[in-house]
Amino acid sequence: MTDTRGPQPQYEGYATGPLPGEREPAPGQSGPYHPPQAYPSPAGGTQGGRPPGGGTQGGVQGVGAAQAARRPRTGARTTPRTRKARLRVAKADPWSVMKVSFLLSIALGICTVVASAVLWMVMDAMGVFETVGGTISEATGSNDSNGFDLQSFLSLPRVLIFTSVIAVIDVVLATALATLGSFIYNLSAGFVGGIELTLAEDE
């Protein structure tokens, strides 16, 4: 395929002359040649990829102006809001209440027995039983008998047995009362809606 347009005219200015970046400055112009710009450069910016005067003052001013424009408002809220939820205990399961109350009453009974044993040992070491027992023996004694013996009556085995019986009764009563209380709460919650609770997140 041949070109039928014939010889094309050559542009002498671009074909033979130097490139725009290679042109020598005019007699009244100092510095390299810069082509004309379609839009003016912003104030405080750079021209031709370099700041005016060969320094970085224009770029620093531009960054400072951008940071000043991006400062947050003084009235903006920075503290997070605590979320709250309002719930209502509509029903208590009697079976779960009975199990929990049974375990808690057993723990309370064990603590009662241990506390009674420790208290008896402390009082015996301080001589309380001996002093009080001697006084009672003298008050209740006669010519035929020596009176009431408090130390033998309040011995450690008897105290532990009595405390254990009280703990067992406490376990039975506490479990029964807690289960009965759950039934009563369910009946009352059916009329008034139950206990309302407001839960909030930790800050």
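Refer to the preceding data block for the structure.
Quick summary incoming for the structure in this document.

Calculation notes
Residues numbered from 1 in each chain as written. Predicted model: local features only at pLDDT ≥ 70, side-chain atom pairs only at ≥ 80, totals over all residues. Heavy atoms only, no water. Helix = DSSP H or I, 4+ residues; strand = E, 2+ residues; numbered from the N terminus. Buried < 20%, exposed > 50% of the residue type's maximum accessible area, 1.4 Å probe, protein only. Contact = heavy atoms within 4.5 Å. Areas by Shrake-Rupley, 256 points an atom, 1.4 Å probe, with all protein chains shown as cover. Patch = residues over 30% accessible without salt bridge, like charges linked within 9 Å, V, L, I, M, F, W, Y side chains within 5 Å. Salt bridge = Lys/Arg side-chain N within 4 Å of Asp/Glu carboxyl O. Expected span 1.5 Å × (residues − 1). Arc of directions from axis to C-beta.

Here we come to the overall build of the chain. A tally of helices and strands in the chain yields six helices and two strands. Secondary structure elements of the chain occur, N-terminal to C-terminal, as α-α-β-α-α-α-α-β. For the chain, buried positions account for 13% of its 203 residues. In the chain, of all internal contacts separated by at least 6 residues, the share reaching a separation of at least 24 is 71%. Of the roughly 17200 Å² of accessible surface on the chain, 63% is carried by carbon and sulfur atoms.

A cluster of nonpolar side chains, namely Phe102, Leu103, Ile106, Ile110, Val114, Val118, Val122 and Met126, defines an oily patch on the protein surface of about 760 Å² accessible area. With respect to the secondary-structure elements, Ile110 resides in helix 3 (residues 94-125). The exposure class assigned to Ile110 is exposed, which follows from its relative accessible area of 53%.

Our focus in this paragraph is the pattern of salt bridges. For side chains bearing opposite charge, pairing can occur when the charged atoms are close. Tallying each qualifying case throughout the model produces two salt bridges. A salt bridge links Arg83 to Glu201; the nearest nitrogen and oxygen atoms lie 2.4 Å apart. Of this pair, Arg83 sits in the loop between helix 2 (57-69) and strand 1 (84-89) while Glu201 is found in the segment after strand 2 (195-200), placing the two residues 118 residues apart along the sequence. For Arg83, a relative accessible area of 57% gives the class exposed. Taking the shortest distance from any N to any O, the salt bridge between Arg86 and Glu196 comes out at 2.6 Å. Placement of the pair is Arg86 in strand 1 and Glu196 in strand 2, with a sequence separation of 110 residues.

Attention shifts here to helix 4 (residues 128-140). Helix length check: helix 4 (13 residues) gives 18 Å between terminal C-alpha atoms against 18 Å at 1.5 Å per residue, within 8%. The set of residues buried in helix 4 consists of Phe129, Gly133 and Ser137. Across the axial projection of helix 4, the buried residues extend over an arc of 60°, all falling on one side. Turned more than 90 degrees away from the buried face of helix 4, the exposed residues are Thr131, Thr135, Glu138 and Ala139.

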